[in-house]
Structures are given as C-alpha cells and as structure tokens.
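Spelled out from the first residue to the last, the chains are:
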Amino acid sequence: MEIGSYIKLHRIKQEMTQAELAEGIVSFAYLSKIENGKTEASPEVISLLCTRLGIQLDNEKDITIKNKCQEWYSQLFEVNDKDEIERGYNELEALMEDTHSESMVMFEIHKIRYFLILGRYEAALTQINSLADLSSTFDSLHQFYWYKFKGNYNSQVGEFNQAMRMYKLAEEKLNHLELAESEIADLQYTISVTHSKLRNTLDSIEYANKALDVFQRNYNFLRCAQCHIMLGISYRRLKMYDKAIKNHNLAKHLGKLNKNKQIIQLVNQNLGVLYSTKGQQEEAIKFFRAIIDDDEVHIVERFAAVASIVNEYYNVQNFEKAKELVNQGFELMKQFGNMDPYKLYYYVMYTYYFALNGEHEKFENIVINEFIPYLKKHKDYINLVIYARMLAEHYENSHQYKNATKYYKLANSAYEQLTIL
Amino acid sequence: MKKFFASAILGTLLVAGFFLTFDKDSSDLAHFDREPSVLSISNTYF
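About the criteria used
- The written sequence of each chain sets the order in which its residues are numbered from 1.
- Chains and ligands are labelled sequentially in the order written, the chains with letters from A and the ligands with numbers from 1.
- Reporting of local features is limited, given that this is a predicted model, to residues whose pLDDT is at least 70; pairs of side-chain atoms are given and counted only at 80 or more, and all residues count toward the totals for whole chains, interfaces and linings.
- The side-chain figures draw on all heavy atoms in the structure; neither hydrogens nor water molecules are used.
- Note on conventions: DSSP H or I runs of at least 4 residues are helices, E runs of at least 2 residues are strands, and numbering of each starts at the N terminus.
- For every residue, the accessible area obtained with a 1.4 Å probe (protein chains only) is divided by the maximum for its type, and the residue is called buried under 20%, exposed over 50%, and partly exposed between those limits.
- Computed with the Shrake-Rupley method and a 1.4 Å probe, the accessible areas treat only the protein chains shown as cover for residues.
- We call two residues in contact whenever any of their non-hydrogen atoms come within 4.5 Å of each other.
- In these notes, a set of buried Ala, Val, Leu, Ile, Met, Phe, Trp, Tyr and Cys residues joined through side-chain atoms within 4.5 Å is what counts as a nonpolar core.
- In this scheme, patches are assembled from residues that exceed 30% relative accessible area and form no salt bridge. Like charges are connected within 9 Å, while nonpolar side chains (Val, Leu, Ile, Met, Phe, Trp, Tyr) are connected within 5 Å.
- Salt bridges are counted wherever a side-chain nitrogen of Lys or Arg sits within 4 Å of a carboxyl oxygen of Asp or Glu.
- What pLDDT expresses is the predictor's confidence in each residue, scored from 0 to 100.
- Convention adopted: a line fitted to C-alpha atoms gives each axis, helices being fitted over their contacting stretch, and angles between N-to-C directions are expressed from 0 to 180 degrees.
- Note on angle classes: values under 35 degrees are labelled roughly parallel, values over 145 roughly antiparallel, values of 65 to 115 roughly perpendicular, and the remainder oblique.
- Crossing handedness is defined as follows: a turn of the near helix away from the far one that is anticlockwise and smaller than a right angle gives a left-handed crossing, while the clockwise case is right-handed.
- Residues are grouped as follows: Ala, Val, Leu, Ile, Met, Phe, Trp, Tyr, Cys and Pro are nonpolar; Asp, Glu, Lys and Arg are charged; every other residue, Gly included, is polar.
- Nitrogen and oxygen atoms within 3.5 Å of one another constitute a polar contact, given that in protein one can donate a hydrogen and the other can accept it, and given that sequence-neighbouring residues count only through two side-chain atoms.

A. Structural view of the overall build of chain B. The number of helices and strands found in chain B is two helices and zero strands. Within chain B, the fraction of its 46 residues that count as buried is 48%. With the model as given, the accessible surface of chain B reaches about 2,500 Å², and the carbon-plus-sulfur share is 70%.

Okay, structure coming up:
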C-alpha cells in the first residue's frame, strides 16, 4: 500500500496527471487503483512508474531513513533546539527526494507538526491541504497522527472546538493501535489543555491526571510540570485555591529542577491570576512583576503579564499605576515588529490607554470598530464579556443609557455563549 | 421625553442588574490564565 501512496505523493509534487504518469506503462484507471491501494502492481510496473518519477527503490537506505525519522519525530515533542530540528528535517527531505521509503507518508504527516513548532502556520495549512486527498489511504497509525496534528493546527489558530473534534478522532484510533504510553499521555495532555480552553474544567482535570500518571512513572519532570499547571488552573476555576497553589508550586519546583524558565514564568502568571481572584492584589502583582522584570522571558509572556497588571490596577482604580504599566506595555510593543499574532494585547493596551487618558472618542472607536469585531471573529467570549462590559460602564457613566444597554446585552450574550460551551 | 429617559435608565439598570448577578463568576473571567502549549515545546521560545 505504501508504495502506491508514495507514487501518488511524488506524482502530485511533480504536478503530473495520472494519464501522464501512466502513459505507455498501464492504463490511468489501473494507476488510480495502484495509488489508492486497491491493487498490487507487479514489481516491473512499479519500477517503470518510479523510473518515470525519477525515484529509486533502495531497501538499505530505507532502514537508515526509518531510524532517522523515528529520531526526528521524538525531537518534535521533546527538543527545544530549533536548529537541530531544522537540520533533521533538511536531512530527511534530501534522503527522501529520490528514494522510495516506507516512511514517506508518516514523514509528510509529521511535517504538519514541524511547521507548527516553527510558527509557520500557513505552511502547516498548505501541508494539511496537500495531504487531504491522500488521507483516505492512511492506515490507523497514519490517521492517529493526521487527526492529532490537524488538531494541533486548530489549537494554534484558536479554533478549539474543531481541535477537540480532531483530538477525539485521534483518541478513537487508540483502540486499534498499540502505542507507547508516553504517546497516549501526550494526547491526553493535549486534550486536557483543550478542555481548559473550552472551560470544561472537570474534563481538563480528568485528562491532566491521566497524563500525569504516565509522566510520573517515566520521571518526565517537564511534562509533569505542564500537567500540574493544568491542574492548578482548573482548581483555581473551581475555587479550590489550596489545591491550585499546591499544583502550581509543584510545577515551579519541577521547572527549577529542570532549569526551565518557560515553566517557571508560566506558573508565575497563573499564580498571579490566582491571587488576583482571591482579591490579594499585592501578591498578584508580585508574581506578574517577576515575569516583566525577567529579560530572558519571551516578550509575549512579559506582555501578557503587563496586560494582567494593568487590568489589576484599573479594576481597583489605581489609575496612576495603570498608566505607568500601559507605557511599559507600549515599550514592549515596539519590540514586536509585526503585531498581527499579538493583536489581542495591542487592543488591550490601547483600550486602557484611551480610557485612562480620558480620550473618550478614541476609546469608543477602538473598542466598537476594532476590538469587539476582532473578539467576535475569534470567538473570544471571555474578553468579549470583559470589554463589552467596560464599554457599557463607560456609556452608563456618561448617561448614554441606550448604548449602555446595548453593550451590557452584548456582554450578557457572550457570557451565555461561554456557558453553552 | 421623560418617559423615554425613564425607560432607558430602567432598561440599563435591569440589564446591568441581571449581569451583576453573575458578577461573582464574571469577575473570574477578567483574568489571564495561560495554559502551556499543546505543542508541549512552546514555539514562542524559538
């Protein structure tokens, strides 16, 4: 079956029609059967087709490729070194260029994850679209990764409902496969994160615990830390603060053991949120500040912390401090270059900036004409509730009751959407 | 005119009041939880 898919893949890559490839060798209807695994062609026919496509059949090389693929696949889950991952990719691309390998299809599927890790979402989507036709010939293992990585794409672009559908399809495939438990745990972790995004708190806890169980047995401290963060977030939402703090502290401890700043600062962000929920503003700000003051932390994480503190100060009407942090936010924004991936924070900063400086028209303009449409488009109901409400309060304070009602209603319906989800 | 303003104020208060009954929960929404990435290794660190 694999050789058929391989031939089809190469034919499509070379923009050849079935008729062009088949001419003089077999009928194009027969070629279609070969490509879709509906028949096994003779070695002579396969050899002629491969020759026309300029590809070789080399079994020894295939074993090398298989081993290198396995190594590269695990890098896509564990390794932080971009150069190493790119080197592996380039090496495999070159090897597969002109040699048939049993690993070709799986490699093409893993390219989706590769592009996502590098932040190349368009390339990931192109790869998904190019494999769509071939997907009907995938076996169960291929399908598992196909659904999982499509889900990853949906997750990265914020389509969490669609992501969950994909992960559930991948989960169903587990019944037909015997995968390593760490592989299953990774899917369970992924489902936990997605449940959290959809505010399915109890489901998030269930899946985080399943994954944690496996990662603990394998002493994979980093993955354990990630699961503890998920539990910390979920328990906070259930107002079980002691359990939440315990889980976050465990995650932090594991992050320190691994010298992983990303984990440590993620914990700080979530602890800040927790203390903010408890009304302990000073504690909350301490945690957010720890992130902002750390130059080694990625700029997006620092920006999220700034937005959190601005929100804190604004809500307790400490407008001087809020303004100070907004200016700090703008300084950080200058480093972004292209704001498109961080549009949310851009809108948050400018919304507060105009509100704090009493620039009412600009405030109304950005929220009504840009921010709210952006949030609606991305189905970001949480922020829609917050900022529609902020706008409604603004109108209420200036006695524009009709507008106030309109935006309270919007906040309300966004809130209802959340409870439906 | 007076009736109109009275209705508008009443309407706003009703909607705001309805909304405020959820205040305890909605205040929970005014926060920025950050989950770790589904990619397990976050791409924001490249």
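So, next bit.
B. Molecular detail of the overall build of chain A. Check the secondary structure of chain A and you find 22 helices and two strands. With the C-alpha coordinates of chain A rotated into their principal frame, the extents come out at 80 × 50 × 40 Å. Looking at the 421 residues of chain A, the share that counts as buried comes to 55%. In chain A, the proportion of contacts linking residues at least 24 apart, taken out of those at least 6 apart, comes to 59%.

C. Up close: the nonpolar core. All names here are of chain A. Membership of the largest hydrophobic core comes to 150 residues, with the highest contact counts inside it found for Ile7, Trp72, Phe107, Tyr114, Met349, Tyr352 and Tyr387. Per-element accounting of this core gives the leading share, 11 residues, to helix H21 (residues 381–397). Ignoring sequence-local partners within four residues, the contact set of Tyr352 consists of Val310, Asn311, Tyr314, Val326, Tyr387 and Met390.

D. Layout of a nonpolar patch on the surface. A cluster of nonpolar residues, Leu202, Leu238 and Met240 of chain A, forms a patch on the protein surface that exposes about 270 Å² of accessible area. On the secondary structure map, Leu238 of chain A appears in the loop between helix H13 (221–237) and helix H14 (241–257).

E. The arrangement of the pattern of salt bridges in detail. All names here are of chain A. If you walk through the whole model with that rule in mind, you get 25 salt bridges over all chains. Glu108 serves as the salt-bridge partner of Lys111, at 3.0 Å between the closest nitrogen and oxygen. Placement of both Lys111 and Glu108 in helix H7 (residues 104–117) is noted, with a separation of three residues, approximately one turn of the helix. Among the ionic pairs, Lys168 bridges to Glu171, the shortest N-O distance being 3.3 Å. Pair noted here: Lys168 and Glu171 are both in helix H10 (residues 160–173), with a separation of three residues, about one helical turn. For Lys168, a relative accessible area of 30% gives the class partly exposed.

F. Up close: the environment of Phe303 of chain A. Residue and element names in this part refer to chain A. Looking at where Phe303 falls in the secondary structure, it is placed in helix H17 (residues 299–315). Between the C-alpha atoms of Phe303 and Phe138, which are 165 residues apart in sequence, the distance is 42 Å. Among all residues touching Phe303, those that are not within four sequence positions of it are Gly329, Leu332, Met333, Phe336, Tyr345, Tyr346 and Met349.

G. Focus on the confidence of the model for chain B. Predicted confidence across chain B gives a mean pLDDT of 60, with 24% of residues reaching 70 or more. Contacts for the low-pLDDT stretch residues 18–30 of chain B, under 50 throughout, to residues beyond four places or in other chains number 25 contacts.

H. View of the packing of H10 of chain A against helix H11 (residues 181–197) of chain A. Residues and elements named next belong to chain A. Orientation of H10 relative to H11, taken along the N-to-C sense of each, is 155 degrees, at an axis distance of 10 Å. Viewed along their axes, H10 and H11 adopt a mutual orientation that is roughly antiparallel. For the element pair H10 and H11, the recorded crossing hand is left-handed. Along its contact with H10, which presents Phe160, Ala163, Met164, Tyr167, Lys168, Ala170 and Glu171, the element H11 presents Leu187, Thr190, Ile191, Thr194, His195 and Lys197. Broken down by class, the residue content of the contact of H10 with H11 amounts to seven nonpolar, three polar and three charged.

I. Looking closely at the side chain of Glu35 of chain B. Of note, Glu35 of chain B is situated in the segment after helix H2 (23–26). Taking the relative accessible area as the measure of exposure, Glu35 of chain B reaches 11% and is therefore buried. One polar contact links Glu35 of chain B to Ser196 of chain A, side chain to side chain, over a distance of 2.6 Å. A distance of 3.2 Å separates a polar atom in the side chain of Glu35 of chain B from a polar atom in the side chain of Lys197 of chain A. Not counting residues up to four positions away in its chain, the partners in contact with Glu35 of chain B are Val193, Ser196, Lys197, Met230, Ile233, Arg237 and Leu266 of chain A.

J. Representation of the packing of helix H9 (residues 140–156) of chain A against H11 of chain A within the structure. Residue and element names in this part refer to chain A. Between H9 and H11, whose axes approach to 12 Å, the crossing angle comes to 30 degrees. What the angle tells us is that H9 and H11 run roughly parallel. Every pair of crossing elements has a handedness; the one defined by H9 and H11 is left-handed. Along the contact surface, H9 presents Phe144, Tyr145, Lys148, Asn152 and Ser155, while H11 presents Glu183, Asp186, Leu187, Thr190 and Thr194.

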